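Okay, here's what each chain looks like letter by letter:
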Amino acid sequence: MFVSKNLSVNEKGHLTAGGIDTVELAKEYGTPLYVMDEDLIREHCRSFKQSIDKYYGGEGLACYASKAFCCRAMCKIMLEEGMGLDVVSEGELYTALSVGFPPERICFHGNNKTDSEIAFALEKGVGRIIVDNIFELERLNALAEKTGLTANIMYRIKPGIDAHTHNFIMTGQIDSKFGFALETGEAFEAVKKAIECSHINLVGLHCHIGSQIFDIDPFVRAAEVMLTFIAKIRDELKFEVKELNLGGGFGIKYTEEDAPVAYDRYMEKVSEKVKEVCAEKNIALPFILIEPGRSVAAPAGITLYTVGGRKVIPNIRTYISVDGGMGDNPRYALYQSKYDFEVANKAAEPKTDVVTVAGKCCETGDLLGEGVSVQHVEVGDTLAVLATGAYNYSMSSNYNRIPKPAVVMIKGGESRVVVKRETLDDVIRNDLL
Ligand SMILES: *Cc1c(COP(=O)(O)O)cnc(C)c1O
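Figured I'd write up the structure that's included with this text. On a predicted model such as this, the values are computed, not experimentally measured, just so you know. (Residues numbered from 1 in each chain as written. Predicted model: local features only at pLDDT ≥ 70, side-chain atom pairs only at ≥ 80, totals over all residues. Heavy atoms only, no water.)

**Focus: the packing of aromatic side chains**
Under the definition given, this model contains 10 aromatic pairs. Taking the centre distance of 6.5 Å and the plane angle of 35° together, the rings of Tyr 94 and Phe 120 count as tilted. Taken as a pair, Tyr 94 in helix α4 (residues 90–98) and Phe 120 in helix α5 (residues 115–124) lie far apart in primary sequence, 26 residues in all. With centroids separated by 5.5 Å and ring planes inclined at 90°, the aromatic side chains of Tyr 254 and Tyr 339 adopt a geometry described as edge-to-face. Here Tyr 254, found in the loop between β12 (243–245) and α9 (263–281), pairs with Tyr 339, found in the loop between α11 (331–335) and β16 (341–343); they are 85 residues apart in sequence, far enough to count as distant. What makes Tyr 254 buried here is its relative accessible area of 4%. We classify Tyr 339 as buried; its relative accessible area is 5%. Within the aromatic cluster, the residues linked to one another by ring pairs are Phe 48, Phe 219, Phe 250, Tyr 263 and Tyr 266. (Phe/Tyr/Trp six-rings, centres within 6.5 Å; stacked < 30°, edge-to-face > 60°. Helix = DSSP H or I, 4+ residues; strand = E, 2+ residues; numbered from the N terminus. Buried < 20%, exposed > 50% of the residue type's maximum accessible area, 1.4 Å probe, protein only.)

So this is what it looks like as structure tokens:
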């Protein structure tokens, strides 16, 4: 069994993704290669959207956090699926608008948006600008005033819940670069200020409590804390906050160690809590937004490499060198993230090797995994890394002037390139003498 449900083995013993032979994909498009399964991406979108309809009653929007994997084809899929979209830069916003993504369904995040980014978002009519701090509020209000526009904003709130791991803590979150703190009164003062601003329309509050979260509890607690704050604003400022954005962070299965929750379970439990607190405090049910990123993209992606070397260091370890590495997947170097590996051309064989997978960069830390279990690996094999659909391509770099790999999208048994492989000319494109 593989970590992602679209993976299987065919009669040749080759790994397949979305029914397509990955060894053939590597041959046709070259390696390294990102492969994304459009059908699975769409299925994830639908499960998040349906969870809102089913458990909350339709009053909400699932926004894909595009930082997980952003390109024009992905934005177009999100458009077609009726999703909203999170962006955190002019670049992501520009990509979304380039495929005709409706600006009113876009949330613009970031803890230090530049004046040019704020102006661009205002001019394009971005639906919700998620304001991170008071300086941003002032700049945004001044700019809106100058241009005669009104900015629809949400405030990013630190609800005092930190859930980046398998458990969560109710303190410590105050030490974050993102948002306004609740417990110090900073958030309340900021709300007062936003209400007074002439060109600001405070439509809602936002929180995002972490990533790769497997518990439902922290989401439920966050919803409770945020709604309690909304009630306080209603009581003390006579102001109705209409929208509640509960962020993303839903965990996915990278290896057998991970036990993700079915995505709709989050919405089921959160909806119960939201309805309960709203009834208790006598506030209208807010419009709910959620922001899945990793959970939409990660399980839909794999990366294919060609093995170029096998170095056995007796009694120490065996290095397998591949034709990519930290340039296309920096997550192991950054956070020792674990992945499952398969020799794509020997996927039916038992995993008899334990190896360290090294990239081709001039960096000792350029590894994709250590002590990983895999079929017997030889030079020339195609090595697949699973669940690489999020925070791989989007975090890639040209370190060592290595051109970025292509992204191939598969759909209904067909493949197509959605991001071209960079060429050597691309590498020197912006260089001047
Ligand atoms: C990163 C991020 C997300 C998505 O997180 P995932 O763990 O990829 O689901 C959602 N909202 C905000 C504000 C984020 O920064």
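**Details of unusual backbone geometry**
With an omega of -10°, the peptide bond running from Thr 31 to Pro 32 counts as cis. By secondary structure assignment, the location of Pro 32 is in the loop between α1 (22–29) and β4 (33–37). At Asn 282, a residue that is not glycine, the phi angle is positive and equals roughly 60°. Residue class for Asn 282 comes out exposed when judged on its relative accessible area of 63%. At Asn 400, a residue that is not glycine, the phi angle is positive and equals roughly 65°. Assignment of secondary structure puts Asn 400 in the loop between β19 (382–386) and β20 (406–411).

**Details of the pattern of salt bridges**
Counting across every chain of the model gives 31 salt bridges. Here Glu 224 ties to Arg 221 by a salt bridge, and the two come within 3.5 Å at their closest N and O atoms. Pair noted here: Glu 224 and Arg 221 are both in helix α8 (residues 217–237), with a separation of three residues, about one helical turn. Classification of Glu 224 as partly exposed rests on a relative accessible area of 26%. Among the ionic pairs, Lys 338 bridges to Glu 257, the shortest N-O distance being 3.4 Å. On the criterion of sequence distance, the pair formed by Lys 338 in the loop between α11 and β16 and Glu 257 in the loop between β12 and α9 is long-range, its members being 81 residues apart. Given the relative accessible area of 57%, Glu 257 is considered exposed. Each of Glu 38, Arg 42, Arg 46, Lys 76, Glu 80, Glu 81, Lys 411 and Arg 416 takes part in a single network of salt bridges with overlapping partners. (Salt bridge = Lys/Arg side-chain N within 4 Å of Asp/Glu carboxyl O.)

**Topic: α8**
An ideal rise of 1.5 Å per residue puts 30 Å on 21 residues; α8 measures up with 30 Å between its terminal C-alpha atoms. By the burial criterion, the buried members of α8 are Pro 218, Phe 219, Val 220, Ala 222, Ala 223, Val 225, Met 226, Leu 227, Phe 229, Ile 230, Ala 231 and Ile 233. Contact partners of the buried residues in α8: β9 (151–158), α7 (186–196), β11 (200–206), β12 and α9. Phi for Lys 238, located one or two positions after α8, is positive at around 55°. (Expected span 1.5 Å × (residues − 1). Contact = heavy atoms within 4.5 Å.)

The values reported here are purely geometric and, on their own, carry no functional implication.
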